[in-house]
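These are the residues of each chain, in order.
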Amino acid sequence: MKENILISLKNVIVEFEDGHRVLKGIDLDIHDEEFVTFLGPSGCGKTTTLRIIGGFAEPTEGDIFFDGVKINGVPPYKRNINTVFQRYALFPHLNVFDNVAFGLNVKKMDKKIIARKVKEMLALVNLSGFENRNINQLSGGQQQRVAIARALINEPKVLLLDEPLGALDLKLRKDMQTELMRIQKSLKITFIYVTHDQEEALTMSDRVVVMRDGQILQIGTPQDIYNEPVNAFVADFIGESNIIDGVMYEDYEVEFAGQAFKCVDKGFALNERVDVVIRPEDIIVGDYETSPISGVVESVVFKGVHYEITVDAHGYKWLIHSTQSQEVGALIGMNVKPSDIHIMKKMEVR
Amino acid sequence: MKERIRNSLNDKNSLFSKIVSTTPAFPYMAWAIVFIAVPLGLIVYFALTDTAGNFTIANIAAAGEHMSVLFRSIKLAAIATVLCVLIAYPMAYIISRKKGVTGSTLLMLCMLPMWMNFLLRTYAWMTILENNGLINRLIMLLGFEPIRMINTQGAVILGMVYNYLPFMILPLYTTMSKIGNDVIEAAQDLGANSIKVITKVVLPLSLPGVSSGVTMVFVPAVSTFIISKMLGGGTNQLIGDIIDLQFLGNTYNPNLGSAISLVLMVIVLLCMSIVGDTEDETMGGRIK
């Protein structure tokens, strides 16, 4: 990742004809050679943002800059940006070679150079020898690779990827994640990636942009977003969380589940109502008599690495990830370290 | 006994189960035999016999005398088909890119004339094109000499294009609406401007529609007799008129009529197989 800003969105607003605002003022700077992920639930505006960068949609208000130059109204074919589409959008009338060569053929490049570049690209995506295959003879994962090769052969400064792995099975998705990261590092270009899969976002990105309802909630590295979510929505969206109502007594002291706890947050009003966010893996299971919170085990599900335990205590269903199993119906105690208690302002009700 | 029936039901090769599995196709097979195979056989029979029912190829030879009319029919139908493609193609493309109600309304407007009687539509063109019809009266009102439009080959072509245009739009629209917007966006993304999007993506992907549209316009146009009768006058007879005369005219000769029909059918089949072959090549032999 370099320091210079490659793409910049300034107060971008998109409004549909019926007056519905899909994007409510997006401000975002994307660096050169960065892997940025737009993460959010469907309908949050992440794909629209991507389409604006690609030139397939125009902002109602606001500007978009590419390398310092305003590119509002510049058609997609004049932008040094290529896209991997959600359902690949390969050309069904062309074979693998001609699909990958499409962009170079349009530019009327020399046939020999095209043949060499296609060969290189297919090697990059591990599809050597597939030149003459028909598109409909390929598996989903192979079609995906063709789509990536077809975009990358044009040597774009930026590659846009719109939920490219959504249609693949879990194993293949993991492989492709690693492969995309390898390609991004080796070609040194900017990747802008759209997904609703938080795990994918955390695994691959340099920075994650969490979106909701046409707004950016948080921008940060995967670690920032996971460890310091700005509100309960982000916390809940990035991995599972227990979100409990609490009251801030004073700086570094919060009350929830009928108990006062030491914490590391400050700067709230006296007795302000807050959201207390606790990750399921941060709850320490202990003896019910000595622990501050106690409850009854409702269910235990084996998840491979850990057990997922649901505990009913103080009117909440607490989710615990623990390597040790518990008896259903047993009374157990729970405790949390001060540093694992995350205090967040209540979200404004929309 | 029950046991045996059950066994025969389980045995896939038994006659009983064979009958059961093909039963749903029976009505269609009967239909095909009664209304397609038998009439076709009759035409071949009439074409190859004389009035007494003896075998002869004289009818086929006599059909050769109408070669000039046949070529005129093919020429006019071909011109009309090409015009239909040129008019319908951009139209179908525009409609196929419109979403929701706008698209279906536009499509319905294109189909609307088809809901009116074919004869009525052609009569309407007669009154428009006549020597003292709508257009010529307007021309004379402006102080110009009237133009002879009715009873020309141009009028026949106009009638064909007008009547058969919807049959070109519909298959074109169907194939084009199947081309996803994402494929078109992908082409734009890869550097294709509007013209290249059409020539490199839309055109090759819509060729099956072109070929079925061509069939659906060319075949009825080449064998029409009513359009040429009403708009072409006596001098622009088509092969359909000649066949018509053999059955309903004073030259009554169903054997010759059948022979001409047979020759026409063979020529149309040849024309269509050429169209089909070129399509296979452009699609990279994918449709097979």
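It should be emphasised that the depicted structure is a prediction, and the values quoted were computed from it without experimental measurement.

A. Representation of the sheet that holds strand 15 (residues 284-286) of chain A within the structure. All names here are of chain A. Spatially, 15-19-16-17-18 is the arrangement adopted by the 5 strands of the open sheet, whose pairing is antiparallel. Bordering the open sheet on either side are strand 15 and strand 18 (316-322), each of which pairs with just one other strand. Ignoring strand direction, the axes of neighbouring strands in this sheet form an average angle of 45°. Pairing geometry for strand 15 and strand 19 (residues 331-335), over 3 bridges, is antiparallel. Looking at strand 19, one finds that I284 is bridged to N335.

B. Structural context of the domain arrangement of chain A. What the domain assignment reports for chain A is domain 1 (5-232) and domain 2 (243-345). Computed from C-alpha coordinates alone, the two centres of domain 1 of chain A and domain 2 of chain A are separated by 39 Å.

C. Representation of the environment of L168 of chain A within the structure. All names here are of chain A. Mapped onto the fold, L168 is located in the loop between strand 7 (158-162) and helix 5 (170-187). On a C-alpha basis, the gap between L168 and Q144 in space is 9.0 Å, while along the polypeptide they are 24 residues apart. Residues contacting L168, with those up to four places away along its chain left out, are G140, G141, Q144, R173 and M176.

D. Region of the structure containing the domain arrangement of chain B. Residue and element names in this part refer to chain B. Examined at the domain level, chain B breaks down into domain 1 (1-47) and domain 2 (66-282). Contact residues are listed per partner, giving 4 residues for domain 1 and 6 residues for domain 2. When the residues that make up the side of domain 1 that touches domain 2 are grouped by side-chain class, the tally is 4 nonpolar, no polar and no charged.

E. View of the interface of chain B and chain A. If you look at the interface, chain B gives 18 residues, while chain A gives 20 residues. Secondary-structure elements contributing two or more residues to the side of chain B that touches chain A are helix 10 (181-189) and helix 11 (194-222) of chain B. Here the residues of the side of chain B that touches chain A sort into 8 nonpolar, 5 polar and 5 charged.

F. Region of the structure containing the confidence of the model for chain B. When pLDDT is averaged across chain B, the result is 86; 88% of the residues are at 70 or more. Every residue in residues 281-288 of chain B scores below 50 in pLDDT, and together they form 9 contacts with partners more than four places removed in sequence or on other chains.

G. Quick look at the pairing of strand 17 (residues 307-313) of chain A. All names here are of chain A. As defined by bridge partners, strand 16 (residues 293-302) adjoins strand 17 across 6 bridges and the pair is classed as antiparallel. By the bridge assignment for strand 17, V300 is matched with I309. Between strand 16 and strand 17, which pair antiparallel one after the other, the connecting turn spans 4 residues, and G304 there sits at a positive phi close to 95°. Sheet analysis places strand 17 next to strand 18, joined by 7 bridges and oriented antiparallel. From the neighbouring strand, D312 faces strand 18, where its bridge partner is K317. Count of turn residues in the strand 17/strand 18 antiparallel hairpin: 2 residues, of which H314 carries a positive phi of about 50°.

H. The arrangement of the sheet that holds strand 12 (residues 253-256) of chain A in detail. Residues and elements named next belong to chain A. Pairing is antiparallel across the open sheet formed by 5 strands, whose spatial order is 13-12-11-14-20. Every interior strand has two partners, whereas the edge strands, strand 13 (259-262) and strand 20 (342-345), have only one. Across this sheet, the average inter-strand angle for adjacent strands is 45°, counted without regard to direction. Sheet topology places strand 11 (residues 242-250) next to strand 14 (residues 272-278); 7 bridges connect them, and they run antiparallel. Residue pairing for strand 14: N242 is matched across the bridge by I278.

Parameters and conventions
- Residues numbered from 1 in each chain as written.
- Chains lettered and ligands numbered in written order.
- Predicted model: local features only at pLDDT ≥ 70, side-chain atom pairs only at ≥ 80, totals over all residues.
- Pairing = 2+ DSSP bridges.
- Helix = DSSP H or I, 4+ residues; strand = E, 2+ residues; numbered from the N terminus.
- Axes fitted to C-alpha atoms, helices over the stretch in contact; angles between N-to-C directions.
- Domains from an automatic or database assignment.
- Contact = placed C-beta atoms within 7 Å.
- Nonpolar A, V, L, I, M, F, W, Y, C, P; charged D, E, K, R; others polar.
- pLDDT = per-residue confidence, 0-100.

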